[in-house]
Amino acid sequence: DFEKEVKVVVLGNGCVGKSSMIRRYCMGTYTDEYKKTIGVDFMEKTRWIDSIGEDVRVMVWDTAGQEEFDTITRTYYRGAGAALLVFSTTDRASFEAIEEWKRKVEDVCGPIVMCVCQNKVDMIDESAVAPEEAEDLCRRLGLKFYRVCVKENFNVDKVFDYLVEQWSHC
Ligand code: GDP
Ligand code: MG
């Protein structure tokens, strides 16, 4: 059967939870162990998207640690239909890098569908970013903002569903 297909790239500083989020979404699993390289380029999942009444094959690409060395190649970005920009509740630098990640995506992909997510909201007591700061940034960038906890599986599906739905209407 013919299926619609979208490539989603997940960007953000190292250790914010990108690989965990991709695993959670595509495989439904989570581990506290930090595995630097997962050894695959992407994972996929087929999702029924209600608003268009169709199955969409979602291919979620992982940076596999390259982001820490600023060596993400154009191959990674090429052909992406949507991008997820991730920062961590406990990592101020990862929040400050969001605008730069958006710019990098746009350099290669142009104005594709994007949104921002703040991961690790279970660690809100150790927060390095005030709630208004995150909301202000996303308003200024014109991007939808989600608070996520991969560990407790809060809002993960919602973020990807949003991206795929927006993409399908483009
Ligand atoms: P990446 O470098 O962005 O791919 O980040 P990883 O997915 O490898 O995650 C880095 C670390 O953060 C791992 O130890 C994860 O278990 C942990 N982590 C991911 N999501 C959460 C979360 O929602 N809450 C907490 N407390 N830790 C998380
Ligand atoms: Mg990773």
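Everything numeric in this text was worked out from a predicted model, so none of it was measured.

Asks: I'm lost on helix H6 (residues 156-168) in this one. Help?
Replies: What sets the pattern is the α-helix's 3.6 residues per turn: residues three or four places apart point alike. The end-to-end C-alpha distance of H6, which contains 13 residues, comes to 19 Å, matching closely the 18 Å that a straight helix rising 1.5 Å per residue would cover. Where H6 is concerned, the buried positions are Val156, Val159, Phe160, Asp161, Tyr162, Leu163, Val164, Trp167 and Ser168.

Asks: Sorry if this is basic, but what is going on with the pairing of strand S3 (residues 54-61) here?
Replies: Side-chain positions along a regular strand alternate between the two faces of the sheet. In the sheet, strand S1 (residues 4-11) pairs with S3 via 6 bridges, with the strands oriented parallel. Paired with Val9 across the strands is Trp61, a residue of S3. When strand S2 (residues 42-49) meets S3, the two strands line up antiparallel, connected through 8 bridges. Counted as the bridge partner of Thr46 is Arg57 from S3. Between S2 and S3, which pair antiparallel and follow one another directly, the connecting turn spans 4 residues, one of which, Gly53, has a positive phi of 60°.

Asks: Could you clarify how one ought to interpret the sheet that holds strand S5 (residues 113-119) in this entry?
Replies: By way of backbone hydrogen bonds, the strands of a sheet pair with one another, either parallel or antiparallel. The strand order across the open sheet formed by 6 strands is S2-S3-S1-S4-S5-S6, and the pairing between neighbours is mixed. Looking at the sheet topology across the chains shown, the edges are occupied by S2 and strand S6 (144-147). Going across the sheet, the axis of each strand differs from the next one's by a mean of 25°, ignoring polarity. Relative to S5, strand S4 (residues 82-88) runs parallel, the two being bridged by 7 bridges. Note that in S5 the partner of Leu84 across the bridge is Cys115. The strands that helix H1 (residues 18-27) touches are S1, S2, S3, S4 and S5; relative to S2, the one it contacts most, it runs at about 50°. Sitting on the sheet, H6 touches S1, S2, S3, S4, S5 and S6, and the angle it makes with S5 is about 170°.

Asks: Please explain the packing of H1 against H6 as it appears in this structure.
Replies: Packed helices, taken two at a time, are described by the angle their axes make and the gap between the axes. Their axes nearest at 10 Å, the elements H1 and H6 cross at an angle of 85°. Comparing the axis directions of H1 and H6 gives the class roughly perpendicular. Counting all contacts with H1, which are made through Met21, Arg24 and Tyr25, the residues of H6 involved are Val156, Asp157, Phe160 and Asp161. For the contact of H1 with H6, a count of residues per class yields 4 nonpolar, no polar and 3 charged.

Quick notes on the rules
Residues numbered from 1 in each chain as written. Chains lettered and ligands numbered in written order. Predicted model: local features only at pLDDT ≥ 70, side-chain atom pairs only at ≥ 80, totals over all residues. Heavy atoms only, no water. Helix = DSSP H or I, 4+ residues; strand = E, 2+ residues; numbered from the N terminus. Expected span 1.5 Å × (residues − 1). Buried < 20%, exposed > 50% of the residue type's maximum accessible area, 1.4 Å probe, protein only. Pairing = 2+ DSSP bridges. Axes fitted to C-alpha atoms, helices over the stretch in contact; angles between N-to-C directions. Contact = heavy atoms within 4.5 Å. Parallel < 35°, antiparallel > 145°, perpendicular 65-115°, else oblique. Nonpolar A, V, L, I, M, F, W, Y, C, P; charged D, E, K, R; others polar.

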